[in-house]
Amino acid sequence: MKKEFENAILLGTEIVENGGEIARAEETVERICKSFGAENINVFIIPSLISVTATINGEEITSTRRIYKNDLNLGALEKINSESRKKCNEKTSNSKISYHYNIIFSIFCVILATGAFCIFFGGTLLDALFSGLTGIIINYMPYSKKLFNIFSKTLIEATIAGMLSFMPSLIGISTHPDKIMIGTIMLLIPGMSIGASMKDMMSGNLIAGILQLIEAIIIAFAITLGFSISLIIFGSDYLA
């Protein structure tokens with residue numbers, strides 16, 4: 001039973017790490033613990049920590065794990081959901097789940113997202129192309145993102161994205177750096193974090209919701225600072 005207890009905590013941790021809701025992670029851990037006979041189950045999760053206490057065979061056990069959040073991965077969340085349902089003896093789909101996004105598909109989505117927003121805000125097709133290329137570069141830069149905290153990681157990516165937005169104009173190509181930046185910035189805006197924080201607070205998870213909201217504000221500040229650095233370096237001469 002202790003092994004099942006640890007597996008339940010692992011699945012709860014993976015839900016949060018892959019962008020899942022705090023409430024869903026807590027419910028998953030509680031359901032799995034109940035399925036193997038645990039009693040007095042208490043689950044506490046915030047974006048950076050999970051702590052679970054349960055009584056197993058008359059013995060009270062507490063386990064705590066540190067959570068390191070990754071990017072949103074819906075495929076991984078579906079896989080975790082399927083595993084948790086199996087442990088709870090619930091019906092699951094027999095189809096094989098792939099939670100590793102194809103690199104070509106990921107690049108296409110980056111180009112589509114950045115390019116679409118760039119054009120929507122008044123950019124040209126050429127601006128959209130360079131916005132997509134900038135998005136690919138900041139998404140696949142060869143550095144270990146886990147070595148940096150959320151503020152530092154976002155600041156690095158925003159600064160590089162801002163500087164790359166000016167490169168076409170600097171080499172004589174007629175583009176609009178501000179439109180390129182608008183398209184690229186959409187990859188960094190913490191929209192999911194803000195939505196999840198509101199949902200957590202409305203469902204009663206005030207601490208988790210407030211922490212996620214503060215994290216989103218810090219990310220937004222890092223984005224602003226990063227793009228401001230590029231504007232300070234290159235000035236406003238190249239802006240439309």
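Worth saying up front: this structure is predicted, and the values here are computed from it rather than measured.

Considering the packing of aromatic side chains
What the rule picks out here adds up to three aromatic pairs. For the pair F151 and F221, a centre-to-centre distance of 6.0 Å together with 20° between the ring planes defines the contact as stacked. Of the two residues, F151 sits in helix α6 (residues 150-170) while F221 sits in helix α9 (residues 206-234), which places them 70 residues apart along the sequence. Plain terms: the ring middles of F166 and F234 are 4.9 Å apart, the flat faces sit at 20° to each other, and that makes the pair stacked. Of this pair, F166 sits in helix α6 while F234 is found in helix α9, placing the two residues 68 residues apart along the sequence. We classify F166 as buried; its relative accessible area is 0%. Across the ring face of Y68, the terminal group of R66 is positioned such that the distance to the ring centre comes to 4.8 Å.

A word on helix α5 (residues 125-139)
Taking 1.5 Å as the rise per residue, α5 with 15 residues should run 21 Å; its terminal C-alpha atoms sit 21 Å apart, in good agreement. Taken together, the buried positions of α5 are occupied by D127, A128, F130, S131, G132, T134, G135, I136 and I138. On the buried face of α5, the contacting elements are α4 (103-120), α6 and α7 (177-185).

Details of the environment of L129
With respect to the helices and strands, L129 occurs in helix α5. Taking the C-alpha atoms as reference points, L129 and I41, 88 residues apart in sequence, are found 53 Å from one another.

Notes on the sheet that holds strand β2 (residues 49-56)
Ordered in space as β1-β2-β3, the three strands form an open sheet in which the pairing is antiparallel. Each having just a single partner strand, β1 (39-46) and β3 (59-66) make up the two edges of the open sheet. When strand polarity is set aside, the average angle formed by the axes of neighbouring strands in this sheet is 10°. In the sheet, β2 pairs with β3 via eight bridges, with the strands oriented antiparallel. From the neighbouring strand, V52 faces β3, where its bridge partner is S63. Sheet contacts for helix α1 (residues 2-17): β1, β2 and β3; angle to β3, the most-contacted strand, approximately 30°.

Quick look at the nonpolar core
F5, C33 and I45 are the most contacted members of the largest nonpolar core, which has 26 residues in total. Sorting the residues of this core by element identifies α1, α2 (22-35), β1, β2 and α3 (74-87) as the ones contributing at least two each. Per-element accounting of this core gives the leading share, six residues, to α1. Aside from chain neighbours lying at most four places away, what touches I45 is V16, I22, A25, E26, I50, I67 and A208. Formed by 11 residues, the second largest nonpolar core is a distinct cluster that contains I138, M181, L188 and F234.

What counts, and at which threshold
- Residues numbered from 1 in each chain as written.
- Predicted model: local features only at pLDDT ≥ 70, side-chain atom pairs only at ≥ 80, totals over all residues.
- Heavy atoms only, no water.
- Phe/Tyr/Trp six-rings, centres within 6.5 Å; stacked < 30°, edge-to-face > 60°.
- Helix = DSSP H or I, 4+ residues; strand = E, 2+ residues; numbered from the N terminus.
- Buried < 20%, exposed > 50% of the residue type's maximum accessible area, 1.4 Å probe, protein only.
- Lys NZ or Arg CZ within 6 Å of the ring centre and 35° of its normal.
- Expected span 1.5 Å × (residues − 1).
- Contact = heavy atoms within 4.5 Å.
- Pairing = 2+ DSSP bridges.
- Axes fitted to C-alpha atoms, helices over the stretch in contact; angles between N-to-C directions.
- Core = buried A, V, L, I, M, F, W, Y, C linked by side-chain atoms within 4.5 Å.

Nothing here speaks to function; it is geometry throughout.
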